[in-house]
Amino acid sequence: MLVVPAIILKLAREFLGLSQDEVEAHTHVSRSTIQRVERGRGGVLNSAVELQKFYQNSGIEFLPPTNAAGWGLVNNNAVGDDFRLNKLESVMVRNRSVRKQGE
């Protein structure tokens with residue numbers, strides 16, 4: 001399996017209209033790990049592969065680079081009259097506390 005670059009994984013998440021919290025709820029990959037994967041940090045290859053599989057199972061098709069073009073993405077959910085970015089069930093996301101400036 002060809003592992004896609006970090007920025008392409010981030011674009012796949014956004015193309016599905018999902019927040020990092022929603023991906024965490026669906027995959028059980030922690031939000032901080034999703035952030036590390038999307039930033040291209042080392043030591044998260046297994047998580048990157050897990051996210052890639054989740055996005056593929058959610059309708060994203062990754063198009064590897066060819067001689068004339070770089071990576072591409074297709075969202076197979078966005079077909080026909082029922083235009084939706086994803087067909088995933090709604091999930092409850094964790095309520096994260098918001099820090100106020102100066103705390």
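So, how was this worked out
Residues numbered from 1 in each chain as written. Predicted model: local features only at pLDDT ≥ 70, side-chain atom pairs only at ≥ 80, totals over all residues. Heavy atoms only, no water. Phe/Tyr/Trp six-rings, centres within 6.5 Å; stacked < 30°, edge-to-face > 60°. Buried < 20%, exposed > 50% of the residue type's maximum accessible area, 1.4 Å probe, protein only. Core = buried A, V, L, I, M, F, W, Y, C linked by side-chain atoms within 4.5 Å. Helix = DSSP H or I, 4+ residues; strand = E, 2+ residues; numbered from the N terminus. Contact = heavy atoms within 4.5 Å. Axes fitted to C-alpha atoms, helices over the stretch in contact; angles between N-to-C directions. Parallel < 35°, antiparallel > 145°, perpendicular 65-115°, else oblique. Nonpolar A, V, L, I, M, F, W, Y, C, P; charged D, E, K, R; others polar. Salt bridge = Lys/Arg side-chain N within 4 Å of Asp/Glu carboxyl O. Pairing = 2+ DSSP bridges.

Caption draft 1: Main features of the packing of aromatic side chains. Here the structure, examined in full by the defined rule, presents one aromatic pair. Aromatic pair F54 and Y55: ring centres 5.6 Å apart, planes at 55 degrees, arrangement tilted. Residue F54 shares its accessibility class with Y55, and that shared class is buried.

Caption draft 2: Expanded view of the nonpolar core. With 17 residues, the main nonpolar core has L9, V23, V37, L51, Y55, I60 and F62 as its most contacted residues. Elements represented by at least two residues in this core include exactly α1 (6–15), α3 (31–38), α4 (45–57) and β1 (60–63). In terms of residues, this core owes the most to one element, α4, which gives four residues. Once you skip the residues sitting within four places of it in the chain, L9 turns out to touch V4, V37, A48, Q52, Y55 and F62.

Caption draft 3: Geometry of the packing of α3 against α4. Where α3 contacts α4, the axes come no closer than 10 Å and their chain directions differ by 95 degrees. Here α4 runs roughly perpendicular to α3, going by the angle between their axes. Every residue of α4 that contacts α3 at T33, I34, V37 and E38 is listed here: S47, A48, L51 and Y55. Here the residues of the contact of α3 with α4 sort into five nonpolar, two polar and one charged.

Caption draft 4: The pattern of salt bridges, seen in detail. Enumeration according to the criterion identifies three salt bridges in this entry. Across the salt bridge formed by R13 and E38, the nearest N and O atoms sit 2.5 Å from each other. One end of the pair, R13, is in helix α1; the other, E38, is in helix α3, and 25 residues separate them in sequence. Neither R13 nor E38 differs from the other in exposure class; each is buried. Between R31 and D21 there is a salt bridge whose closest N-O contact spans 3.4 Å. Of this pair, R31 sits in helix α3 while D21 sits in helix α2 (residues 20–27); the two residues are 10 residues apart in sequence, bridging distant segments of the chain. Judged by its relative accessible area of 28%, R31 falls in the partly exposed class.

Caption draft 5: Representation of the environment of E22 within the structure. Take E22: it is sitting in helix α2. Put simply, E22 and S90 are 68 residues apart on the chain and 8.5 Å apart in space, counted from C-alpha to C-alpha. Not counting residues within four places of it along the chain, the set of residues in contact with E22 comprises G17, V91 and V93.

Caption draft 6: Structural view of the pairing of β1. On β1, burial follows the alternation: I60 and F62 on one face are buried, whereas E61 and L63 on the facing-out side are not. Sheet topology note: the β1/strand β2 (residues 72–75) ladder contains four bridges and is antiparallel. From the neighbouring strand, L63 faces β2, where its bridge partner is G72.

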